[in-house]
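Now for the letters of each chain:
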Amino acid sequence: MPRTRKPRRKAAPADAFALATAGAELALASLRVVNARTPMIVQAVNDPARGNYAELTRMVSEKPLAFARGAHAAGPAWLAMAAESNRYLTQAWRAPTWGLAPALNSSLDALAFWGQMMSLGMAWQSAMLTPVHAAATANARRLGAKA
């Protein structure tokens, strides 16, 4: 019975499970791609006239493109993290107040800040991983059909 491919959940900004799943899929797809391409490299070294130069060229050109797309996609999330950090630090250095309630308020502010930073961090990681994941899994599907 042929296996049907279940669509991957797109990671929401704070969806750690979807991000971890995409990372695991990327690792497995990369392994399949390396296993498929290694014999192509060996063949091209042993017999240059029969090398698969289209695939060998693709090996080099696809990586910078995927990582550049990932960096471009992650840029807004990095800027959001910087803005949140600046907002918090500006607020944290305001004139101190006295008593127990200000200390509790500062602690709750810090807790909210770090929660927001973790969410924003997952957002940029997810954005950065998506193009790399797409390229690697597409290669694994394409090369898997040739194996």
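Quantities reported herein were computed from a predicted structural model and do not represent experimental measurements.

What counts as what
Residues numbered from 1 in each chain as written. Predicted model: local features only at pLDDT ≥ 70, side-chain atom pairs only at ≥ 80, totals over all residues. Heavy atoms only, no water. Helix = DSSP H or I, 4+ residues; strand = E, 2+ residues; numbered from the N terminus. Buried < 20%, exposed > 50% of the residue type's maximum accessible area, 1.4 Å probe, protein only. Contact = heavy atoms within 4.5 Å. Areas by Shrake-Rupley, 256 points an atom, 1.4 Å probe, with all protein chains shown as cover. Core = buried A, V, L, I, M, F, W, Y, C linked by side-chain atoms within 4.5 Å. Phe/Tyr/Trp six-rings, centres within 6.5 Å; stacked < 30°, edge-to-face > 60°. Axes fitted to C-alpha atoms, helices over the stretch in contact; angles between N-to-C directions. Parallel < 35°, antiparallel > 145°, perpendicular 65-115°, else oblique. Left-handed = near helix turned anticlockwise from the far one by under 90°. Nonpolar A, V, L, I, M, F, W, Y, C, P; charged D, E, K, R; others polar.

Topic: the overall build of the protein chain
Next, step 1: In terms of regular secondary structure, the protein chain is built from three helices and zero strands.
Next, step 2: Along the protein chain, helices and strands appear, N-terminal first, in the series α-α-α.
Next, step 3: The 147 residues of the protein chain split such that 28% are buried.
Next, step 4: Put simply, of all contacts in the protein chain between residues at least 6 apart along the chain, 76% involve residues at least 24 apart.
Next, step 5: Just so you have it, the protein chain exposes about 10,100 Å², and 69% of that area is on carbon and sulfur atoms.

Quick look at the environment of phenylalanine 113
Next, step 1: Mapped onto the elements of the fold, phenylalanine 113 is located in helix α3 (residues 100-146).
Next, step 2: On a C-alpha basis, the gap between phenylalanine 113 and serine 85 in space is 8.0 Å, while along the polypeptide they are 28 residues apart.
Next, step 3: Dropping the residues within four chain positions of it, phenylalanine 113 is found in contact with Glu84, Ser85 and Tyr88.

Considerations on the nonpolar core
Next, step 1: Ranked by size, the top nonpolar core spans 12 residues in total: Leu19, Ala22, Leu26, Ala29, Val33, Met40, Ala66, Leu129, Val132, Ala136, Ala140 and Leu143.
Next, step 2: Breaking this core down by element, the ones donating at least two residues are α1 (16-46) and α3.
Next, step 3: Counting residues per element, this core draws most heavily on α1, at six residues.
Next, step 4: The contact partners of leucine 129, leaving out residues within four places of it in the chain, are Leu19, Ala22, Gly23 and Leu26.
Next, step 5: Judged by nonpolar contacts, the second largest core, of five residues, contains Tyr88, Phe113, Met117 and Leu120.

Let's talk about the packing of aromatic side chains
Ring pairs (aromatic) are described by centroid distance and by the angle formed between their planes.
Next, step 1: Applying the stated criterion across every chain, the model contains three aromatic pairs.
Next, step 2: Here tryptophan 78 and tryptophan 124 contribute two aromatic rings whose centre-to-centre distance is 5.5 Å and whose plane-to-plane angle is 55°, an arrangement assigned as tilted. Note that tryptophan 78 is positioned in helix α2 (residues 53-92) and tryptophan 124 in helix α3, a separation of 46 residues in sequence.
Next, step 3: Here the aromatic rings of tyrosine 88 and phenylalanine 113 are separated by 4.2 Å at their centres, their planes lie at 15°, and the arrangement is stacked. Highlighted residues: tyrosine 88 in helix α2 and phenylalanine 113 in helix α3, separated in sequence by 25 residues.
Next, step 4: Relative accessible area serves as the criterion here: at 14%, tyrosine 88 is assigned to the buried category.
Next, step 5: Residue phenylalanine 113 is classed as buried on the basis of its relative accessible area of 4%.
Next, step 6: Through a chain of ring-to-ring contacts, the aromatic side chains of Tyr88, Phe113 and Trp114 assemble into a single cluster.

Points about the packing of α1 against α2
Next, step 1: α2 packs onto α1 with a crossing angle of 120° between their chain directions and a minimal axis gap of 10 Å. As far as their axial angle goes, α2 and α1 are oblique. The hand of the α1/α2 crossing is left-handed. Across the interface between the two elements, Arg37, Met40, Ile41 and Ala44 of α1 pack against Tyr53, Glu55, Leu56, Arg58, Met59, Glu62 and Lys63 of α2.
Next, step 2: Each residue belonging to the contact of α1 with α2 can be placed in one class, and the counts come to six nonpolar, no polar and five charged.

What to know about the environment of alanine 44
Next, step 1: When you line up the elements, alanine 44 lands in helix α1.
Next, step 2: Judged by its relative accessible area of 10%, alanine 44 falls in the buried class.
Next, step 3: Note: C-alpha distance between alanine 44 and leucine 56 (12 residues apart in sequence) is 8.8 Å.
Next, step 4: Every residue in contact with alanine 44, bar those within four places of it in the chain, is listed here: Gly51, Tyr53 and Leu56.

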